[in-house]
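Secondary and tertiary structure notes
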Amino acid sequence: MTLRLGDIAPDFEADTTEGRVSFHQWLGNSWGVLFSHPKNYTPVCTTELGYTAKLKPEFDKRNVKAIGLSVDELKDHEGWSRDIAETQGTPLNFPLIADPDFKVANLYGMIHPNASDRFTVRSVFVIDPNKKVRLTLTYPASTGRNFDEILRVIDSLQLTDQYKVATPVNWKPGDDVIIVPSVNNEDAKKLFPGGWNEIKPYLRVVPSPKR
Ligand code: BEZ
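In this text, all values refer to a predicted model and were calculated from it rather than measured experimentally.

About the cut-offs
Residues numbered from 1 in each chain as written. Predicted model: local features only at pLDDT ≥ 70, side-chain atom pairs only at ≥ 80, totals over all residues. Heavy atoms only, no water. Core = buried A, V, L, I, M, F, W, Y, C linked by side-chain atoms within 4.5 Å. Buried < 20%, exposed > 50% of the residue type's maximum accessible area, 1.4 Å probe, protein only. Helix = DSSP H or I, 4+ residues; strand = E, 2+ residues; numbered from the N terminus. Contact = heavy atoms within 4.5 Å. Salt bridge = Lys/Arg side-chain N within 4 Å of Asp/Glu carboxyl O. Pairing = 2+ DSSP bridges. Near = heavy atom within 4 Å. Polar contact = N/O pair within 3.5 Å; in protein donor to acceptor, adjacent residues only side chain to side chain. Areas by Shrake-Rupley, 256 points an atom, 1.4 Å probe, with all protein chains shown as cover. Nonpolar A, V, L, I, M, F, W, Y, C, P; charged D, E, K, R; others polar. Phe/Tyr/Trp six-rings, centres within 6.5 Å; stacked < 30°, edge-to-face > 60°.

A few points about the nonpolar core
Residues Val33, Phe35, Leu49, Phe59, Phe94, Val126 and Ile150 are the most contacted members of the largest nonpolar core, which totals 24 residues. For this core, the secondary-structure elements that each account for two or more residues are β3 (31–36), α2 (43–54), β4 (64–70), α4 (74–88), β6 (122–127) and α6 (147–162). If you tally residues by element for this core, the top one is α6, at six residues. Apart from the residues within four sequence positions on either side, Val126 is in contact with Trp31, Gly32, Val33, Lys132, Val133, Arg134, Leu135, Ile150, Ile154 and Leu157. The next biggest cluster of nonpolar side chains, apart from the first, holds 22 residues, and it includes Leu69, Ile97, Ile127 and Val133.

Some details on the pattern of salt bridges
Applying the stated rule across the entire model yields 15 salt bridges. Where Arg145 meets Glu48, a salt bridge forms, and the shortest distance between an N and an O atom there is 2.5 Å. On the criterion of sequence distance, the pair formed by Arg145 in the loop between β7 (133–139) and α6 and Glu48 in helix α2 is long-range, its members being 97 residues apart. Like Glu48, Arg145 is buried. Measuring nitrogen to oxygen at the nearest pair gives 2.6 Å for the salt bridge that ties Asp155 to Arg62. One end of the pair, Asp155, is in helix α6; the other, Arg62, is in the loop between α3 (56–61) and β4, with 93 residues separating them in the sequence. Neither Asp155 nor Arg62 differs from the other in exposure class; each is buried.

A look at the environment of Asn29
Position of Asn29 among the secondary structure elements: in the loop between α1 (23–27) and β3. For Asn29 and Ile67, which are 38 residues apart along the polypeptide, the C-alpha to C-alpha distance reads 15 Å.

Some words on the pairing of strand β2 (residues 19–22)
Here four bridges tie strand β1 (residues 13–16) to β2, and the two strands are oriented antiparallel to one another. Pairing of Glu13 across the sheet is with Ser22, part of β2. Here β1 folds back onto β2 in antiparallel fashion, the turn holding two residues.

Considering the site of the ligand
Taken together, the neighbourhood of the ligand is formed by Thr42, Pro43, Val44, Cys45, Arg122 and Ala141. A distance of 3.0 Å is found between an oxygen atom of the ligand and a backbone nitrogen or oxygen belonging to Cys45. For the ligand, an oxygen atom lies 3.0 Å from a polar atom in the side chain of Arg122. When isolated, the ligand has an accessible area of 260 Å², and the protein chains bury 73% of it. Per-element accounting of the shell around the ligand gives the leading share, three residues, to α2. Partitioned by chemical class, the residues of the shell around the ligand number four nonpolar, one polar and one charged.

Things to note about the environment of Pro10
Assignment of secondary structure puts Pro10 in the segment before β1. Judged by relative accessible area, Pro10 falls into the buried class, the value being 11%. The spacing of Pro10 and Leu107 is 97 residues in sequence and 7.0 Å in space, taken between C-alpha atoms.

Focus: the packing of aromatic side chains
Per the counting criterion, the structure on display carries seven aromatic pairs. For the pair Phe23 and Trp26, a centre-to-centre distance of 6.3 Å together with 20 degrees between the ring planes defines the contact as stacked. In this pair, Phe23 and Trp26 are both assigned in helix α1, three residues apart and thus about one turn of the helix distant. Note on Phe23: relative accessible area 1%, which makes it buried. Considering the side-chain rings of Phe35 and Phe147, the 5.2 Å spacing of their centres and the 70 degrees angle between planes classify their relative orientation as edge-to-face. Here Phe35 is found in strand β3, whereas its partner Phe147 is found in helix α6, with 112 residues between them in sequence.

Below is the structure:
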């Protein structure tokens with residue numbers, strides 16, 4: 001199954017390191033980051049999960065819940081969690097789904113058979129409070145993801161949901177933003193009374209409405 005932006009994230013029930021989770025109910029009114037990694041007790045995955053645990057205060061600030069997945073048994077998650085705490089300096093503080101029968105992995109298209117039919121690729125789904133998929137990412141097993149980038153995209157999504165702006169290349173929170181093309185200049189005057197820098201009629205740069 002290919003999930004596309006704007007699709008409703010499929011609901012599921014699964015065992016996790018924090019008990020049985022009913023996904024939509026667990027998300028509640030939060031944003032979600034659902035991410036898979038290939039296998040427990042592997043080095044890159046260990047660093048990714050440790051770093052994600054360190055980011056918890058940043059996720060909390062943005063009303064985001066993280067949840068990981070691998071196609072291992074729950075009992076294997078427990079021993080590996082101890083290793084993560086020991087080697088990465090932060091214990092797991094978000095649930096890790098045990099998906100040994102590939103139920104969730106198949107629902108979300110996390111198995112790419114021509115890469116591996118036994119392990120999930122490194123998928124990321126950012127899901128908004130309406131349960132819509134807002135970002136998908138797929139990385140190969142050998143490349144650890146940049147979770148700071150995932151936070152940056154969430155910052156952009158949350159800003160652009162609130163204001164009629166888009167974020168330019170390499171944008172960081174606080175940087176200038178772009179007035180979306182669907183807003184004409186007359187409306188832009190009301191929305192951005194401080195004015196903007198019109199580089200081209202379609203490229204109108206304004207200070208971020210949220211500094
Ligand atoms: C890792 O997490 O280190 C890893 C997993 C599968 C293939 C290569 C690396």
